[in-house]
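# Overview (structure and organization)
Residues per chain, in single letters:
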Amino acid sequence: KNEVEQSPQNLTAQEGEFITINCSYSVGISALHWLQQHPGGGIVSLFMLSSGKKKHGRLIATINIQEKHSSLHITASHPRDSAVYICARTTGNQFYFGTGTSLTVIP
Amino acid sequence: DTGVSQDPRHKITKRGQNVTFRCDPISEHNRLYWYRQTLGQGPEFLTYFQNEAQLEKSRLLSDRFSAERPKGSFSTLEIQRTEQGDSAMYLCASSSLPGQGPYEQYFGPGTRLTVT
């Protein structure tokens, strides 16, 4: 199976809260990606991981290859972080996407 | 702007009509992908090109769908005899080959198709 599972599906947080979005997959991967999609459709790549941890500003992504699990953390969340966050794995030449986590950060 | 562009951004058509979408990738990228995304779902792979060669097609791509990338630059996706179930966002993405840089995909803004 090519499933990529994300949790939670929907998340509402107060501004300033620490947020965690989880992603699990069931097969070997070349890389794990975190993407952000704003209303209107545009998708932006946030991280590409094959091991360990990456940080960019208030965003942190981690991956545990043995457990086939990745997390995206947002520190000091802000209303402008409101978007859909999508996890995707690459195996071979293709991307396989999760269904996304819809995040709403309330001021 | 040197990103991926798609045209049109929105298309409303009547059932049974043909539609064609265009994608212009980042100029130095030799891979181009088409995806379909319905509400509440992640993108689903349709097909991809390496230069002008169409290397893989999903089973989602029925006989009514055809994609081309004639000169290895822009690509078109045509849907013939549209059905209401074709209503979705059609996303295009491009990337460079592994070994030529990080294997990330860069997405266009998408074409939202509504079939009435």
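Scroll up to find the structure.
My aim in this report is to walk through the structure given alongside it, one point at a time. Source: prediction; values computed, not measured.

Our next topic: the overall build of chain B. A tally of helices and strands in chain B yields zero helices and 11 strands. Ordered by position from N to C terminus, the α and β elements of chain B give β-β-β-β-β-β-β-β-β-β-β. In summary, chain B has a C-alpha radius of gyration of 14 Å against a globular reference of 13 Å for 116 residues, a match within 12%. When each of the 116 residues of chain B is scored for burial, the buried share is 47%. Taking the intrachain contacts of chain B between residues at least 6 apart in sequence as the baseline, contacts between residues at least 24 apart amount to 54%. Of the accessible surface of chain B, which amounts to about 6,000 Å², a share of 44% is contributed by carbon and sulfur atoms. Counting 14 positive and 13 negative side-chain charges, chain B places the centres of these two groups 6 Å from one another.

With that settled, consider the state of the cysteines. By the definition in use, this model includes two disulfides over all chains. Here C23 of chain A pairs with C87 of chain A through a disulfide, and the sulfurs are 1.9 Å apart. Taking the torsion about the S-S bond as the criterion, the C23 of chain A to C87 of chain A disulfide, at about -60°, is left-handed. Here C23 of chain A is found in strand 3 (residues 19–25), whereas its partner C87 of chain A is found in strand 9 (residues 83–91), with 64 residues between them in sequence. In this structure C23 of chain A comes out as buried when scored by relative accessible area, which is 1%. Since its relative accessible area comes to 0%, C87 of chain A is described here as buried. The side chain of C23 of chain B participates in a disulfide bridge whose partner is C92 of chain B; the two sulfur atoms lie 1.8 Å from each other. Taking the sign of the torsion about the S-S bond as the criterion, the disulfide between C23 of chain B and C92 of chain B, at about -65°, is left-handed. A residue pair is termed long-range when its members are at least 10 positions apart, and C23 of chain B in strand 3 (residues 19–24) and C92 of chain B in strand 9 (residues 88–95) qualify at 69 residues. Accessibility expressed as a relative area gives 0% for C23 of chain B, which makes it buried. Classification of C92 of chain B by relative accessible area gives buried; the value is 0%.

So, about the sheet that holds strand 6 (residues 52–56) of chain A. All names here are of chain A. With antiparallel pairing, five strands are arranged side by side in an open sheet as 1-3-8-7-6. Only two strands of the sheet have a single partner each, and these edge strands are strand 1 (4–7) and strand 6. If you compare each strand with its neighbour and ignore which way they point, the axes differ by 15° on average. Alignment of strand 3 against strand 8 (residues 69–74), held across six bridges, turns out to be antiparallel. In the strand pairing of strand 8, N22 is matched with S71.

Residue and element names in this part refer to chain B. Its location among the elements puts S75 in strand 8 (residues 75–79). Each C-alpha atom, one on S75 and one on R15, is 24 Å from the other, the two residues being 60 residues apart in sequence. Contacts of S75, omitting those with residues within four sequence positions, involve F21, R22, C23, L32, W34, F49, E68 and R69.

Rules behind the numbers
Residues numbered from 1 in each chain as written. Chains lettered and ligands numbered in written order. Predicted model: local features only at pLDDT ≥ 70, side-chain atom pairs only at ≥ 80, totals over all residues. Heavy atoms only, no water. Helix = DSSP H or I, 4+ residues; strand = E, 2+ residues; numbered from the N terminus. Rg over C-alpha atoms; globule rule 2.2 N^0.38 Å. Buried < 20%, exposed > 50% of the residue type's maximum accessible area, 1.4 Å probe, protein only. Contact = heavy atoms within 4.5 Å. Areas by Shrake-Rupley, 256 points an atom, 1.4 Å probe, with all protein chains shown as cover. Lys, Arg positive; Asp, Glu negative; His and termini not counted. Charge placed at Lys NZ, Arg CZ, Asp CG, Glu CD. Disulfide = S-S within 2.5 Å. Pairing = 2+ DSSP bridges. Axes fitted to C-alpha atoms, helices over the stretch in contact; angles between N-to-C directions.

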